[in-house]
There are 2 protein chains.
Amino acid sequence: MVKLTIPPKEILYPVPVVLVSIFDRKNKRTNAITIAWCGIVASIPPQISISIRPSRYSHKLITREKSFVVNVPSADILKKTDLCGVVSGKDIDKFKLCSFTSAPASKVSASLIRECPVNIECKLKKTVKLGSHDMFIGEVLAVHIDNDILGPDGAIDYAKANPVVFNGGGYWSIGDKLGSYGFSKK
Amino acid sequence: MVKLTIPPKEILYPVPVVLVSIFDRKNKRTNAITIAWCGIVASIPPQISISIRPSRYSHKLITREKSFVVNVPSADILKKTDLCGVVSGKDIDKFKLCSFTSAPASKVSASLIRECPVNIECKLKKTVKLGSHDMFIGEVLAVHIDNDILGPDGAIDYAKANPVVFNGGGYWSIGDKLGSYGFSKK
């Protein structure tokens, strides 16, 4: 097995694709931005990080509003998800552009995107400046899940949730379940 | 569409599954730990975060060594990948346990896991204490890719890379390519 060595690059895969919604107080509407530079960073209290370039409109919104919602899309709305990553919410109402249905959050100012089967309300806990991006660490305050994606055991059925995976610039669906955490010891 | 509201939980999906290798100076060997609480956090300079509980042996190693390698496994070695997440490297040589082949890194002290098609060498840039986990932010110093997973264009063919996705405690394969970044505007 021969290995090719390439210069430093943020090459980790697969990573999530989420729609982060943030309230835009000036325009009195909620904006949405697509983020793949995100992940779970702690369990107690539950925390998620999202990284955004300082030049993005959502960066200003989140710095001012100090809260956001991480909406996890399904592959059904991939085209709209991609679109929210390539246009700016400064002059465009992305909820209108994408025909997203807004639903009120319970703890934060941003609206939930109803079409996303999972919505995670977060309050900004910490901002870490990293260069090209600032990392916003959000503490999870509330979680909403579509009944439609729950299995008979009450847990999320990921085949129904149909998430999108981001691999080096491309969007992929998920395939088959291969095992559960700890299966190697059983 | 009715939504179920549940208490705060680190419910984001899909997330990556990686094997992080760190040099164990005392035992003169490299240890490996499975991590799903990880992600890309910045592009320039390229940075990756991994979160580890302070009780884990690898937490001590990384704090001392200040560098690590993020090895991205394929589904072919999922059972070994899971095993590295449920046993401790304090008393066990996980490279031996899993029959991993070690290869020297170019910039850091830890060995690469040769069976992983992508290896990302990182130096520890920052540690952020978050509660249950500490987040280690690593700056990418070098990247190694198996020639076997490259497509005719020289880029990674993710069908060949065959990565593992982690969804709420379960491991899944990837499915089909659905599009590329920016496809909604074309």
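Procedures and definitions
Residues numbered from 1 in each chain as written. Chains lettered and ligands numbered in written order. Predicted model: local features only at pLDDT ≥ 70, side-chain atom pairs only at ≥ 80, totals over all residues. Contact = placed C-beta atoms within 7 Å. Helix = DSSP H or I, 4+ residues; strand = E, 2+ residues; numbered from the N terminus. Nonpolar A, V, L, I, M, F, W, Y, C, P; charged D, E, K, R; others polar. Least-squares fit on C-alpha atoms with pLDDT ≥ 70 in both. Buried ≥ 20, exposed ≤ 12 C-beta atoms within 10 Å, placed from the backbone. Arc of directions from axis to C-beta. pLDDT = per-residue confidence, 0-100. Pairing = 2+ DSSP bridges. Core = buried A, V, L, I, M, F, W, Y, C linked by C-beta atoms within 7 Å.

(A) Quick peek at the interface of chain A and chain B. Opposite the 80 residues of chain A that make contact, chain B presents 80 residues. Looking at the side of chain A that touches chain B, the element that brings in the most residues is strand β13 (residues 170-180) of chain A, giving 11 residues. By residue class, the composition of the side of chain A that touches chain B is 47 nonpolar, 22 polar and 11 charged.

(B) Quick peek at the relation of the copies chain A and chain B. For the match of chain A to chain B, the screw axis carries a shift of 0.0 Å, the RMSD comes to 0.0 Å, and the turn is 180°. Both copies are brought into coincidence by an operation consistent with a two-fold rotation axis. Looking at the interface residues of chain A, 100% of them are also at the interface in chain B, so both copies use one shared face.

(C) Representation of helix α1 (residues 57-65) of chain A in the model. All names here are of chain A. Those residues of α1 that sit buried are Ser-58, Leu-61, Ile-62 and Glu-65. Down the axis of α1, the smallest arc covering the buried residues is 95°, so these residues share one side. Elements in contact with the buried residues of α1: β3 (18-24), β4 (29-35), β6 (46-52), β7 (67-72), β10 (118-129) and β11 (134-146). Phi turns positive one or two residues past the end of α1, at Lys-66, with a value near 60°.

(D) Up close: the confidence of the model for chain A. Across chain A, the average pLDDT comes to 97, with 99% of residues at or above 70. At the level of chain-chain contacts, confidence expressed as ipTM amounts to 0.97, with global pTM at 0.97.

(E) Seen up close, unusual backbone geometry. Residue and element names in this part refer to chain A. Residue Ile-44 is joined to Pro-45 through a cis peptide bond whose omega torsion reads -10°. Notably, Lys-66 is not glycine yet its phi reads approximately 60°, a positive angle. Mapped onto the secondary structure, Lys-66 falls in the loop between α1 and β7.

(F) Region of the structure containing the sheet that holds strand β12 (residues 164-167) of chain A. Taken together, the 6 strands give an open sheet; going across it, the order is β2(A)-β12(A)-β13(A)-β13(B)-β12(B)-β2(B), and neighbouring strands pair in antiparallel fashion. The sheet is open, and its two borders are formed by β2 (15-16) of chain A together with β2 (15-16) of chain B, each paired with just one other strand. Note: β12(A) against β13(A), 4 bridges, orientation antiparallel. Its bridge partner being in β13(A), A:Val165 is matched across the sheet by A:Trp172.

(G) Region of interest: the nonpolar core. Counting residues in hydrophobic clusters, the biggest one holds 114 residues, and the most contacted among them are A:Val20, A:Val70, B:Val20 and B:Val70. Excluding anything up to four places from it in sequence, B:Val20 contacts B:Ala32, B:Ile33, B:Ile35, B:Ile50, B:Ser58, B:Phe68, B:Val69 and B:Val70.

(H) Fine view of the pairing of β12(A). All names here are of chain A. Every second residue of β12 is oriented toward a common face, with Val-164 and Phe-166 on one face and Val-165 and Asn-167 on the other, all of them buried. Here β2 runs beside β12; their pairing, made up of 2 bridges, is antiparallel. Bridge pairing in β12 links Pro-16 to Val-165. As consecutive antiparallel partners, β12 and β13 are separated by 2 residues, and within that stretch Gly-168 has a phi angle of approximately 45°, a positive value.

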